[in-house]
Amino acid sequence: QVQLVESGGGLVQPGGSLRLSCAASGSIIRFINAMGWYRQAAGKQRELVASITSGVRIEYTDSVKGRFTLSRDNAKNTVYLQMNSLKPEDTAVYYCNAQVTLVNGSKRGYWGQGTQVTVSS
């Protein structure tokens, strides 16, 4: 099995910062092709926030550019999302996603359980 363990959500005031982390583990993992964060606000569809490939290509959704920074520790199979200058519209459940090549050669996507981020005064 593959597990994604998320941490770092919480309540923060507008303008504040939070750091999310997501660690992937599992004996069936051959290679992690990409990891990233999605979010889903109440009543809205899940959307990509940021993602990073094994080749260190990073993609951000326009609304977080300049405020959020995604980084990856390949040795730990962990990604970090540093979120600065948070706004109320960033409030959502944030989900970690990993695109994995398994030891049997197949490719699958996995999701974390989600962590709540609330930006409010």
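Look a little higher up for the structure.
Residues numbered from 1 in each chain as written. Predicted model: local features only at pLDDT ≥ 70, side-chain atom pairs only at ≥ 80, totals over all residues. Heavy atoms only, no water.

Enquirer: I'd like to hear about the pattern of salt bridges, residue by residue, with values.
Expert: In this structure the tally under the stated criterion is four salt bridges. A salt bridge links K65 to D62, with the nearest nitrogen and oxygen atoms 2.9 Å apart. On the basis of relative accessibility, which here comes to 49%, the residue K65 falls in the partly exposed class. (Salt bridge = Lys/Arg side-chain N within 4 Å of Asp/Glu carboxyl O. Buried < 20%, exposed > 50% of the residue type's maximum accessible area, 1.4 Å probe, protein only.)

Enquirer: If you had to explain the sheet that holds strand β8 (residues 78-83) to someone new, which residues and values would you point to?
Expert: Two modes of strand pairing occur in sheets, parallel and antiparallel, and in both the strands are linked by backbone hydrogen bonds. Taken together, four strands build an open sheet; the order of strands is β1-β3-β8-β7 and the sheet is antiparallel. Each edge of the sheet is formed by a strand with only one pairing partner; in this case those strands are β1 (3-7) and β7 (68-73). For this sheet the average axis-to-axis angle between neighbouring strands, irrespective of direction, equals 15°. With six bridges connecting them, strand β3 (residues 18-25) and β8 associate as antiparallel partners. Bridge pairing in β8 places L18 opposite M83. (Pairing = 2+ DSSP bridges. Helix = DSSP H or I, 4+ residues; strand = E, 2+ residues; numbered from the N terminus. Axes fitted to C-alpha atoms, helices over the stretch in contact; angles between N-to-C directions.)

Enquirer: Give me the lowdown on the pairing of strand β4 (residues 29-40), citing residues and values where you can.
Expert: Note: β4 against strand β9 (residues 92-102), ten bridges, orientation antiparallel. Considered in β9, the bridge of Y38 is made with Y95. Where β4 folds back onto strand β5 (residues 47-53) in an antiparallel hairpin, the turn is made up of six residues, including G43, whose phi is positive at roughly 75°.

Enquirer: Would you mind going over the packing of aromatic side chains in detail, with residue names and values included?
Expert: Counted according to the given criterion, the structure contains two aromatic pairs. Ring geometry for Y38 versus W111: centroids 5.0 Å apart, planes at 70°, classification edge-to-face. Highlighted residues: Y38 in strand β4 and W111 in strand β10 (residues 107-111), separated in sequence by 73 residues. Consider the rings of Y95 and W111, whose centres lie 6.4 Å apart with planes at 90°: the pair is edge-to-face. Remark: W111 occurs in strand β10 and Y95 occurs in strand β9; sequence separation between them is 16 residues. Take Y95: its relative accessible area is 15%, and that puts it in the buried class. Each member of the aromatic cluster is reached from another via a ring pair, and the members are Y38, Y95 and W111. In this structure, R46 is placed above the aromatic ring of Y95, and the distance from its NZ or CZ to the ring centre is 3.7 Å. In this structure, R46 is placed above the aromatic ring of W111, and the distance from its NZ or CZ to the ring centre is 4.5 Å. (Phe/Tyr/Trp six-rings, centres within 6.5 Å; stacked < 30°, edge-to-face > 60°. Lys NZ or Arg CZ within 6 Å of the ring centre and 35° of its normal.)

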